[in-house]
Amino acid sequence: SGITGTITVMGTPAEEGGGGKIFMIERGAFDGVDIAIMAHPNPHEIAIPFCLCIQELEVHFTGKAAHAAAFPWEGVNALDAAVLAYTNVSVLRQQMKPNWRVHAVFTNGGVKPNIIPEKASLHYYVRAPTREELDVLREKVIACFHAAAQATGCSVEIKNVGKIYENIKSNQVLADIYVHHMNSLGISGIQNETEGTGSTDMGNVSHVVPTIHPLFLVGSGKEVNHTREFTAIANTPEAHAKTLLVGKALCFTCIDVLTGGDTLMKEIKDAFDNRSKRKRVRADYSSDESTDTRSNQSCDSSHDSMS
């Protein structure tokens, strides 16, 4: 056929918090790759979702155990520190930007009610649209933890968990091609770009190679991700059929890139370079700039993102 290039289907495990694609980047899986594409089910049709950067934190408070009824004054209550930390962050929300997100669960609250808790822990997600804003928000949240420790007399240990997920830098040229093929397959009303909500390690990939990560509608639009209702609607023949249709649109996008020659590839890479200059972020890894002129596409088989 005269077409040169390679399409690679990559399995990407450990996406939901494990940062699988980040390890793949660091170990060279995307070296020489020209574009990377994948899709994710959603209550909406969105060509360019703007996912947030995310940093996970573990927070461990240590106090002093004592009998809660006989000698409570001898204890230092780590659970009080954890509750106060959670409350401090809740109070902080009044001064948080609309697209900042912070949420947590308690992972340890003590052993028995009659023992002043010596240990207490929380697991936090901190999210913001850029790495710069993430740094600002994380410092505000960490200050809440230290204030809780000081107020209760506890010590606090704060640990970074896993890798930082970057925001997604979607490629407009690739997105336009994808939307064209979705329209040709009978899907209309696709939104171009939205504000950030969830997070995914596909964002890190998008800082290395031109990327799209469109969201596609399954269900009625009322069922939202990470709910029992969405789980049920995703496991239906209609959702499976829609996933196959989206897969066709992604395949057609790859075919267009393969047959588009140097002109189309230059448009894609120019769009990638221009967006990189507008939204420069720090990365925990270095990208490899391939000199291979052939078109190489990566088709990511992951279907879940941290949200």
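Provided above is the structure to which this section pertains.
Now for a quick tour of the structure.

Criteria and thresholds
- Residues numbered from 1 in each chain as written.
- Predicted model: local features only at pLDDT ≥ 70, side-chain atom pairs only at ≥ 80, totals over all residues.
- Heavy atoms only, no water.
- Core = buried A, V, L, I, M, F, W, Y, C linked by side-chain atoms within 4.5 Å.
- Buried < 20%, exposed > 50% of the residue type's maximum accessible area, 1.4 Å probe, protein only.
- Helix = DSSP H or I, 4+ residues; strand = E, 2+ residues; numbered from the N terminus.
- Axes fitted to C-alpha atoms, helices over the stretch in contact; angles between N-to-C directions.
- Parallel < 35°, antiparallel > 145°, perpendicular 65-115°, else oblique.
- Left-handed = near helix turned anticlockwise from the far one by under 90°.
- Contact = heavy atoms within 4.5 Å.
- Nonpolar A, V, L, I, M, F, W, Y, C, P; charged D, E, K, R; others polar.
- Expected span 1.5 Å × (residues − 1).
- Pairing = 2+ DSSP bridges.
- Phe/Tyr/Trp six-rings, centres within 6.5 Å; stacked < 30°, edge-to-face > 60°.
- Lys NZ or Arg CZ within 6 Å of the ring centre and 35° of its normal.

1. A look at the nonpolar core
So, point 1. Residues F61, V102, Y124, V141 and F145 are the most contacted members of the largest nonpolar core, which totals 28 residues.
So, point 2. Only β5 (53–62), α2 (78–92), β7 (119–128) and α3 (131–152) provide two or more residues apiece to this core.
So, point 3. The biggest single contributor to this core is α3, with 8 residues.
So, point 4. By size, the runner-up hydrophobic cluster in this structure holds 27 residues, among which are I37, A47, A239 and L264.

2. Regarding the packing of α2 against α3
So, point 1. At a minimum axis distance of 8 Å, the contact between α2 and α3 shows a crossing angle of 140 degrees. By the angle class used here, α2 and α3 are oblique. Judged by the twist between their axes, the crossing of α2 over α3 is right-handed. Contacts between α2 and α3 involve D80, A81, L84, A85, N88, V89 and L92 on the former and, on the latter, K140, V141, C144, F145, A147, A148, A151 and T152.
So, point 2. Residues of the contact of α2 with α3, tallied by class, amount to 11 nonpolar, 2 polar and 2 charged.

3. Description of α3
So, point 1. Under the 1.5 Å per step criterion, the end-to-end length of α3 is 32 Å for 22 residues, consistent within 8% with the ideal 32 Å.
So, point 2. Among the structural elements, β5, α2, β6 (101–108), β7 and β8 (155–165) are those in contact with the buried residues of α3.
So, point 3. Just downstream of α3 lies G153, where phi reads positive at about 80 degrees.

4. Comments concerning the pairing of β7
So, point 1. The buried count for β7 comes to 7 of 10 residues, which makes it a mostly enclosed element.
So, point 2. Bridge analysis of β5 against β7 gives 10 bridges, and the strand direction is antiparallel. Its bridge partner lying in β7, T62 is registered against K119.
So, point 3. Note that β6 and β7 share 7 bridges and pair antiparallel.

5. Regarding unusual backbone geometry
It is generally the case that most residues other than glycine have a negative phi and that most peptide bonds are trans.
So, point 1. The backbone of H226 shows a phi angle near 65 degrees, a positive value even though the residue is not glycine.
So, point 2. Its location among the elements puts H226 in the loop between β11 (215–217) and α6 (228–234).

6. A look at the packing of aromatic side chains
So, point 1. Evaluation of the coordinates by the stated rule reveals 3 aromatic pairs.
So, point 2. Taking 5.5 Å as the distance between ring centres and 35 degrees as the angle between the ring planes, the aromatic pair formed by Y86 and F106 counts as tilted. Residue Y86 is found in helix α2, and its partner F106 is found in strand β6; the two are separated by 20 residues along the sequence.
So, point 3. Overall, Y86 belongs to the partly exposed group, its relative accessible area being 32%.
So, point 4. Ring centres of Y124 and F145 lie 5.1 Å apart, and the angle between their planes is 55 degrees; on these two criteria the pair is classed as tilted. Of this pair, Y124 sits in strand β7 while F145 sits in helix α3, and the two are 21 residues apart along the sequence. The exposure classification of Y124 matches that of F145, with both residues buried.
So, point 5. Taking the ring centre of F272 as reference, the NZ or CZ of K169 above it sits at 4.6 Å.

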